[in-house]
Amino acid sequence: MILVTGGAGYIGSVTSELLTAQGEDVVVLDNLSRGHRESLNPAAIFYEGNIGDRDLVIRIAREHSIDACIHFAAYAYVGESVSDPARYFENNVEQGNSLLGALLEAGVRRVVFSSTCATYGEPEKVPIAEDHTQKPTNPYGWSKLFMERIMHAYDQAYGLKFVALRYFNAAGATERLGEDHDPEPHLIPNVLNAARGRIPAVSVFGNDYPTTDGTPTRDYVHVSDLASAHILALNYLRSGGESEKVNLGSGHGHTVLEVIEAAREVTKRPIAVKIEPRRPGDPSHLVADPTKARTLLGWRPSFPDLSTILRTDWDWRLGHPLGYASSENGKTKN
Ligand SMILES: NC(=O)c1ccc[n+]([C@@H]2O[C@H](COP(=O)([O-])OP(=O)(O)OC[C@H]3O[C@@H](n4cnc5c(N)ncnc54)[C@H](O)[C@@H]3O)[C@@H](O)[C@H]2O)c1
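Residues numbered from 1 in each chain as written. Predicted model: local features only at pLDDT ≥ 70, side-chain atom pairs only at ≥ 80, totals over all residues. Heavy atoms only, no water.

Chemist: Got a minute to help me understand the environment of leucine 322 in this structure?
Modeler: Its location among the elements puts leucine 322 in the segment after helix H10 (306–319). Relative accessible area serves as the criterion here: at 39%, leucine 322 is assigned to the partly exposed category. Along the backbone, leucine 322 and aspartate 180 are 142 residues apart, and their C-alpha atoms lie at a distance of 9.1 Å. (Helix = DSSP H or I, 4+ residues; strand = E, 2+ residues; numbered from the N terminus. Buried < 20%, exposed > 50% of the residue type's maximum accessible area, 1.4 Å probe, protein only.)

As structure tokens, then:
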């Protein structure tokens, strides 16, 4: 059985559903601080609790004979991590470390970990390969890099085997599951919310970067392709694979203005833009070299183009005008 932490969140819910579709038994552990009860996989066993609750994790691991953990649970807003770093180090690192300790105590030695391109910081070379220097420019990126380093040490000392999947920008939706964060820090949901008139304009932070149109370049990956990579990583570890770090990106970059233009074409709606000052710590180019994901894991994304990714998100948003119907606390959204 697989333990999925953060399985009520955006990427965790899609992965949890794909796992059961592929015949895996799943237990989800999520405190619903940022996830949605509605996005939980009905076929999974759900525990509402903290990853830092050591006794709970040991009990879950033993009662359900957990053989591996896919660890998504974390806070993931760069700006919030700059204004409140303590929150990020407590949740992502202290609780993350407690989770690893509890898993090891219960005999679970395989972990697939949600890492991020934010561990690289401002790139010296693009596309970014896994051996690129890691110099995060914000506490969120540091919290993920600390977890990578902790897992490396636990591999050396205790035989923990892990795959750190360094995602670039997750995007898109499945028929049932989409991206609904509050506040929403990600570009694509905001662009599509502007197309629906839910926000007056999309903020573009800086138009004087050294890119084709002055706005930052990012690499977008469909959430279902991220989900399938987790299952490949899990099977890689089950077949005795050594610990690894693997980028998950398409290898193609799109500037912010290109994303907005592509969204105008997909939605056939006007999208207003508001140019704002640069945000500190926003790199100009973040584009993955995805070669290792292909050669090591056999990963082949099935949503390679931006328009299709946007279309899946747009369809989900039209079908879910208020996002998930209620918040994690069961309150109705207004
Ligand atoms: N969305 C992206 O583009 C992106 C890119 C790179 C990395 N990541 C990483 O992927 C993971 C998932 O991202 P997401 O966008 O699905 O985030 P999300 O916020 O939608 O999901 C995270 C889930 O973890 C839960 N959670 C947080 N702290 C917890 C704790 N202490 N105990 C139990 N549950 C807890 C939240 O309630 C939420 O359901 C995160 O670790 C994030 O850092 C995301």
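The discussion continues.
Chemist: Teacher, can you tell me more about empty space enclosed by the protein here?
Modeler: One water molecule sets the probe size; rolling that probe over the atoms shows where empty space is left. This structure, assessed with the given rule, holds 1 cavity of 30 Å³ or more. Space inside the largest cavity adds up to approximately 30 Å³. Counting residues per element, the lining of the largest cavity draws most heavily on strand S10 (residues 220–222), at 3 residues. (1 Å grid on protein atoms, 1.4 Å probe; cavity = no way out; pocket = protein on both sides within 12 Å on 5 of 7 lines; lining within 4 Å. Points joined across faces, edges and corners; volume = space filled by probe spheres on them.)

Chemist: Explain the packing of helix H2 (residues 54–63) against helix H4 (residues 85–105) to me, please; I cannot follow it from the model alone.
Modeler: To characterise two packed helices, one gives the angle between the axes of the helices and the distance between these axes. In the contact formed by H2 and H4, the axes pass within 9 Å of each other and the chain directions differ by 40 degrees. When the axes of H2 and H4 are compared, the pair comes out oblique. Here the hand of the crossing between H2 and H4 comes out right-handed. Contact residues: Arg54, Val57, Ile58 and Arg62 in H2; Ser98, Leu99, Gly101, Ala102, Leu103 and Glu105 in H4. (Axes fitted to C-alpha atoms, helices over the stretch in contact; angles between N-to-C directions. Parallel < 35°, antiparallel > 145°, perpendicular 65-115°, else oblique. Left-handed = near helix turned anticlockwise from the far one by under 90°. Contact = heavy atoms within 4.5 Å.)

Chemist: Explain the pairing of strand S1 (residues 2–5) to me, please; I cannot follow it from the model alone.
Modeler: A regular strand carries its side chains on alternate faces of the sheet. Residues Ile2 and Val4 line one face of S1 and the alternating positions Leu3 and Thr5 line the opposite face, and both faces are buried. Summarising the sheet, S1 and strand S2 (residues 26–30) pair through 4 bridges and their orientation is parallel. Each bridged residue has a counterpart across the sheet, and for leucine 3 the counterpart in S2 is valine 27. Read as a crossover between parallel neighbours, the route from S1 over helix H1 (residues 10–21) to S2 is right-handed. Pairing analysis gives 4 bridges linking S1 to strand S4 (residues 68–71), with the strands arranged parallel. By the bridge assignment for S4, leucine 3 is matched with cysteine 69. (Pairing = 2+ DSSP bridges. Right-handed = clockwise from strand over helix to strand, strands pointing away.)

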